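Observations on the model geometry
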Amino acid sequence: MELQSNFEGASRREFAEAIVLGGSIEEKLRTPPARLVDDDSRPVRVPRAPGRDASIAIETDPRKKRRVPPIEGMPDPRQRVRIVHALMNHELQAIELFAWAVLRYPDAPRAFRHGLVRILAEEQTHFRLYDGCLRRLGARFGDWPLSGYFWSKAAELDTPARFVACMGLTFENANLDHAVDLAAAADAAGDAALARVLRRVHEDELGHVRFGWRWLRRFKRPEQTMVEAYHEHVVWPLRPALARGDTFHRESRDRIGLDEEFVRMLEEADRPRALYKFEKSGREG
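No experiment lies behind these values; they were computed from the predicted model shown.

Of the regular secondary structure elements, the protein holds nine helices and zero strands. Listing the helices and strands of the protein from first to last along the sequence gives α-α-α-α-α-α-α-α-α. On C-alpha atoms alone, the protein measures out to a radius of gyration of 18 Å, which is about the 19 Å that the 2.2 N^0.38 rule sets for 285 residues. With the C-alpha coordinates of the protein rotated into their principal frame, the extents come out at 55 × 45 × 35 Å. Counting over 285 residues, the protein shows a buried share of 57%. Contacts in the protein between residues far apart in sequence, at least 24 positions, make up 80% of those at least 6 positions apart. Summed over all atoms, the accessible surface of the protein reaches about 12,400 Å², with 48% contributed by carbon and sulfur. Looking at the protein, you have 47 positive and 45 negative side-chain charges, and the mean spots of the two groups are 2 Å apart.

Under the definition given, this model contains 15 aromatic pairs. Here the aromatic rings of Phe112 and Phe219 are separated by 5.5 Å at their centres, their planes lie at 75°, and the arrangement is edge-to-face. One end of the pair, Phe112, is in helix α4 (residues 110–136); the other, Phe219, is in helix α6 (residues 192–219), and 107 residues separate them in sequence. Ring centres 5.5 Å apart and planes at 80° place the aromatic pair Tyr230 and Phe262 in the edge-to-face group.

A few words on the pattern of salt bridges. Tallying each qualifying case throughout the model produces 20 salt bridges. The closest approach of N and O atoms between Asp191 and Arg80, which form a salt bridge, is 3.2 Å. Residue Asp191 is located in the loop between α5 (160–188) and α6, and its partner Arg80 is located in helix α3 (residues 77–104); the two are separated by 111 residues in the primary sequence. Each of the two residues, Asp191 as well as Arg80, counts as buried. With its nearest N and O atoms 2.6 Å apart, the salt bridge here joins Asp177 to Arg253. Residue Asp177 is located in helix α5, and its partner Arg253 is located in helix α8 (residues 250–256); the two are separated by 76 residues in the primary sequence. For the pair Asp177 and Arg253, one class covers both residues: buried. It is possible to trace a salt-bridge network through shared partners that takes in Arg250, Asp254, Glu260, Arg264 and Glu267.

What follows covers unusual backbone geometry. For the bond from Trp236 to Pro237, the omega torsion is 15°, close enough to zero to count as cis. Residue placement: Pro237 occurs in the loop between α7 (226–233) and α8.

Right, let's talk about the nonpolar core for a bit. Grouped together as the largest cluster of nonpolar side chains are 84 residues, with contacts concentrated most on Trp100, Tyr130, Phe141, Phe163, Met167, Tyr230 and Phe262. The set of elements that each furnish at least two residues to this core consists of α1 (12–21), α3, α4, α5, α6, α7 and α9 (260–268). No other element matches α3, which puts 15 residues into this core. The residues touching Tyr130, leaving out its near neighbours within four places in the chain, are Val84, Leu87, Met88, Glu91, Leu194, Val197, Leu198 and Val201.

Attention now moves to α1. Counting buried positions along α1 gives seven out of ten residues, so the element sits mostly inside the fold. The secondary structure elements touched by the buried residues of α1 are α2 (25–28), α3 and α4.

What follows concerns α7. Every buried residue belonging to α7 is among Met226, Val227, Ala229, Tyr230 and His233, and all of these are buried. The arc that holds every buried residue of α7, seen down its axis, measures 160°, which confines them to one face. Turning to α7, the residues buried within the fold contact α5, α6 and α9.

Attention shifts here to the packing of α4 against α6. As a packed pair, α4 and α6 sit with axes 10 Å apart at the nearest point and diverge in direction by 165°. Taken together, the axes of α4 and α6 are roughly antiparallel relative to one another. α4 and α6 meet at a crossing whose hand is left-handed. By residue class, the composition of the contact of α4 with α6 is 15 nonpolar, four polar and six charged.

Below, the discussion takes up the packing of α3 against α4. For the pair α3 and α4, interaxial distance at closest approach is 9 Å and the crossing angle is 160°. Relative to α4, the element α3 lies roughly antiparallel. In this structure, the crossing between α3 and α4 has a hand that is left-handed. Broken down by class, the residue content of the contact of α3 with α4 amounts to 19 nonpolar, three polar and four charged.

This paragraph deals with the environment of Leu182. Checked against the element boundaries, Leu182 lands in helix α5. On a C-alpha basis, the gap between Leu182 and Arg250 in space is 16 Å, while along the polypeptide they are 68 residues apart.

What counts, and at which threshold
Residues numbered from 1 in each chain as written. Predicted model: local features only at pLDDT ≥ 70, side-chain atom pairs only at ≥ 80, totals over all residues. Heavy atoms only, no water. Helix = DSSP H or I, 4+ residues; strand = E, 2+ residues; numbered from the N terminus. Rg over C-alpha atoms; globule rule 2.2 N^0.38 Å. Buried < 20%, exposed > 50% of the residue type's maximum accessible area, 1.4 Å probe, protein only. Contact = heavy atoms within 4.5 Å. Areas by Shrake-Rupley, 256 points an atom, 1.4 Å probe, with all protein chains shown as cover. Lys, Arg positive; Asp, Glu negative; His and termini not counted. Charge placed at Lys NZ, Arg CZ, Asp CG, Glu CD. Phe/Tyr/Trp six-rings, centres within 6.5 Å; stacked < 30°, edge-to-face > 60°. Salt bridge = Lys/Arg side-chain N within 4 Å of Asp/Glu carboxyl O. Core = buried A, V, L, I, M, F, W, Y, C linked by side-chain atoms within 4.5 Å. Arc of directions from axis to C-beta. Axes fitted to C-alpha atoms, helices over the stretch in contact; angles between N-to-C directions. Parallel < 35°, antiparallel > 145°, perpendicular 65-115°, else oblique. Left-handed = near helix turned anticlockwise from the far one by under 90°. Nonpolar A, V, L, I, M, F, W, Y, C, P; charged D, E, K, R; others polar.

Below, the structure is given as structure tokens:
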């Protein structure tokens, strides 16, 4: 599924644009080269939506969407395969949105833009790993409707601070809990290979959340606490309750180095169990 990058000597903008606008999975999985040029003065095109071939198009007809099974469905292979499919959809949107952020914030610090591409490459790896699990379960990506929930937030992410508050400190923060719980459920269901993938994803997510934490700390006003900065930049209905799972794994946040006030905010956030369906507050996976 992976295509080798042919972007040696290309600009970061050219690479990001190709990822966002590419229609096929193979194009989305082109690996970034070791070096990307930063000095590209051409106008930046910021897509409002990703390029997608018909087979992986985002489903816009609500009548065709299906709920993603909850974690309790993991022992049933017919439900497990759909959980994996939903996880892959999250990864694909993350790949596209980290590339989109390169285009959206051309004046952001170089280190920030470099970090976006690094995380994008790790999301590509996650997609490939999940793809192996999906194929072993007898399915292909695109066999079920694909939501665009992450993409529905893009229009609101008008600053790098809002981007990291959404992607790093909300979606990926929550996945620190989801990945641990799903890995345990996969082990209990006898799917050790999927459990290993989920644990690998969790380890990478620690770095992704740390990236969001460090950059929000850079972008915030000096007098603000991190809790104040998060609340200023996260856009409702995203909120602390969606930045954690049904079971809160504090040790993951301690490993990242989140401060006590921020961890307590997450720990005490009201998380009704109805939200924990991998449907993102009622959305499809």
